[in-house]
Amino acid sequence: MDRLRSFKTFTNQLPEQEYVMPVLFIGHGSPMNGIQDNDFSRGWKAMAEKIPVPTAVLVVSAHWLSRGTKITAMDFPETIHDFGGFPQALFDVQYPAPGMPDLARETASLFHSTQVELDHDWGLDHGTWTVVRHMYPQANVPVLQLSIDYTKGPAYHFELAKELSALRKKGVLIIGSGNMVHNLRMVAWDKMDEPEYGYDWALNINEKFKSLITEQHYEPLFNYQSLGTDALMAIPTPEHYIPLMYTLGLRTTADDLSFFNDKAVAGSLTMTSLKIG
C-alpha cells in the first residue's frame, strides 16, 4: 500500500519539464525476448540508460486491438501471458509495474478526434512487458497501454498520435511496440539461430521503410499496399505495423532520428527499432 500511496502523489496535471522525452518504436519479436539476454534485449536496456527515467511509460502494443480506443486505468495492471507453446519460465514471469489512473484520465482528455474509454480489464500484454521489463527491471515506473482501433487505417493512427504530443513535455515515454516486417506464416524455423537471416523481400522492404521514415515521406507508408508485393508480404495483417504510425506521428521538425536493433530474424521478421528525439 505504501507504494500505491507514493504513486498517487502524482496529480492528473503532471508539470511540464525542460526535457522533451523521446519517442520509440520497438520491434518486440518473440515473447522469448522477454526472458532472454540477447542483442535485442540488451538494445532495449541500453536505450533506457541513454534517456532520462520517465514519469511513466505509455505503450501502443500490437496485441491490444479494440473497436474504438481504450487506455488502461487501473492501479496495478496484471501481466498478461497472451501466447502459447512457450516454456513455463515465460508464463511464470510477473511484471508488477503500477498503473497511473490519473495519467490515464489526463491522456484520455487530450483526445479530441475520438472518445477514449478508461479500461480496467486489460493489463500489460507481451508487446509491453517483454520489452519494458528489460528497460526498467525494478518495475518502479508506471506503465499504461493504449489500444489500437482495428477499424481504422495507418493515416488515422498517425494523426491520432499527434494528440498525445503534450505528454512528451511531461516526462512520459511513448512506445509503439510491433514489428515493421512481421509474417509468421513464412518464418524459416530452421534458421531461427542463424544471425540476421532475412529473405530478400524482407530485407528490401525493411530498407524501403527506413528510407521513407528518414525522408519523412509518410504517404507511401500510409498506403503501404502501393509499395508492391514485398510490402504485402511484410504486412499480411496490419496490427504489428500500426504502432509505428504512433511513433512517427509524434515526430517534430526538431527531433533527431536513429535506428537500433536493425536486424532480421528467421527470414520474415525484422526487429528494426527507432528513436525519435
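Attention here is on the structure that accompanies the text. In this text, all values refer to a predicted model and were calculated from it rather than measured experimentally.

If you tally the helices and strands in the protein chain, you get 11 helices and 10 strands. Taking 2.2 N^0.38 as the reference for a compact globule, 277 residues should give roughly 19 Å; the C-alpha atoms of the protein chain span a radius of gyration of 18 Å, in line with that estimate. If you line up the protein chain on its principal axes, its C-alpha atoms span 50 × 40 × 35 Å. Looking at the protein chain alone, contacts between residues at least 24 apart form 82% of all its contacts between residues at least 6 apart. With the model as given, the accessible surface of the protein chain reaches about 12,000 Å², and the carbon-plus-sulfur share is 51%. In the protein chain, which carries 22 positive and 32 negative side-chain charges, the distance between the mean positions of the two groups comes to 3 Å.

With that settled, consider the pattern of salt bridges. A pair can form between side chains of opposite charge whenever their charged atoms are brought close. Taken as a whole, this structure holds 10 salt bridges when the rule is applied. Note that Arg42 is salt-bridged to Asp39, the shortest N-O span being 2.9 Å. Taken as a pair, Arg42 and Asp39 lie in helix H2 (residues 39-50) at a separation of 3 residues, close to a single helical turn. Owing to a relative accessible area of 40%, Arg42 belongs among the partly exposed residues under this scheme. A salt bridge links Glu106 to Lys170; the nearest nitrogen and oxygen atoms lie 2.6 Å apart. Here the residue Glu106 occupies a position in helix H4 (residues 101-110), and Lys170 occupies one in the loop between helix H7 (165-168) and strand E6 (172-178), the gap between them amounting to 64 residues. Members of the salt-bridge network, linked through shared partners, are Asp37, Asp39, Arg42 and Lys263.

Inspection of the secondary structure assignment puts Val172 in strand E6. Along the chain, Val172 and Val20 lie 152 residues apart, while their C-alpha atoms are 8.8 Å from each other. The residues touching Val172, leaving out its near neighbours within four places in the chain, are Leu14, Met21, Thr55, Ala56, Leu58, Leu103 and Leu167.

Of all 11 residues making up strand E2 (residues 56-66), 9 are buried, and the element is well covered by its neighbours. Here E2 pairs with E6 via 6 bridges, running parallel. From the neighbouring strand, Val59 faces E6, where its bridge partner is Ile175. Here 6 bridges tie E2 to strand E5 (residues 143-149), and the two strands are oriented parallel to one another. Counted as the bridge partner of Ser66 is Asp149 from E5.

Once that is clear, we can look at H2. Between its first and last C-alpha, H2 extends 16 Å over 12 residues, near the 16 Å set by a 1.5 Å rise per residue. Considered for burial, the residues of H2 that qualify are Phe40, Ser41, Gly43, Trp44, Met47 and Ala48. Along the long axis of H2, the arc covered by the buried residues comes to 155°, so they all point the same way. Opposite its buried face, H2 presents the exposed residues Glu49 and Lys50, each directed more than 90 degrees away.

Direction vectors running N to C along helix H6 (residues 154-161) and helix H11 (residues 242-249) enclose 40°, while the axes themselves pass 7 Å from each other. Relative to H11, the element H6 lies oblique. Crossing geometry of H6 relative to H11 is assigned as right-handed. In contact with Pro154, His157, Phe158, Leu160 and Ala161 of H6, H11 contributes Ile242, Met245, Tyr246, Leu248 and Gly249. Looking at side-chain class alone, the contact of H6 with H11 contains 8 nonpolar, 2 polar and no charged residues.

This part covers unusual backbone geometry. Of note, the phi angle at Gln216 is positive, near 55°, even though the residue is not glycine. With respect to the secondary-structure elements, Gln216 resides in the loop between helix H8 (200-214) and helix H9 (219-222). In this model, Ala266 sits at a positive phi of 55°, which is unusual for a non-glycine residue. For Ala266, the position within the fold is in the loop between strand E8 (264-265) and strand E9 (269-270). By relative accessible area, which is 0% here, Ala266 ends up buried.

Cut-offs and rules
- The written sequence of each chain sets the order in which its residues are numbered from 1.
- Thresholds applied to this predicted model are a pLDDT of at least 70 for local features of residues and 80 or more for the giving and counting of side-chain atom pairs; totals over whole chains, interfaces and linings are not thresholded and use all residues.
- Note that water and hydrogens are dropped before the side-chain values are worked out from all heavy atoms of the structure.
- Every helix listed is a DSSP run of H or I at least four residues long, and every strand listed is a run of E at least two residues long, numbered separately from the N terminus.
- For the radius of gyration, the atoms used are the C-alpha atoms, and the globule rule reads 2.2 Å times the number of residues raised to 0.38.
- We call two residues in contact when some of their heavy atoms are within 4.5 Å.
- Accessibility throughout is a Shrake-Rupley quantity obtained with a 1.4 Å probe, and a residue counts as covered only by protein chains that appear here.
- The charge count treats Lys and Arg as positive and Asp and Glu as negative. His and the chain ends do not count.
- Note that the charge is assigned to NZ on lysines, CZ on arginines, CG on aspartates and CD on glutamates.
- Throughout this description, the term salt bridge denotes a Lys or Arg side-chain nitrogen within 4 Å of a carboxyl oxygen of Asp or Glu.
- Any residue under 20% of the maximum accessible area for its type is buried, any over 50% is exposed, and the rest in between are partly exposed; the area is computed with a 1.4 Å probe on protein chains only.
- For two strands to pair, DSSP has to find at least two bridges joining them.
- Expected span of a helix: the number of residues minus one, times 1.5 Å.
- What the arc covers is the set of directions going from the helix axis to the C-beta atoms.
- Here an angle of 0 to 180 degrees is reported between the N-to-C directions of two axes, which are lines fitted to C-alpha atoms, with helices fitted over the stretch in contact.
- By the definition adopted for this analysis, an angle is roughly parallel if under 35 degrees, roughly antiparallel if over 145, roughly perpendicular if from 65 to 115, and oblique otherwise.
- Crossings are assigned a handedness: left-handed for a near helix turned anticlockwise from the far helix by less than a right angle, right-handed for a clockwise turn.
- Residues are grouped as follows: Ala, Val, Leu, Ile, Met, Phe, Trp, Tyr, Cys and Pro are nonpolar; Asp, Glu, Lys and Arg are charged; every other residue, Gly included, is polar.

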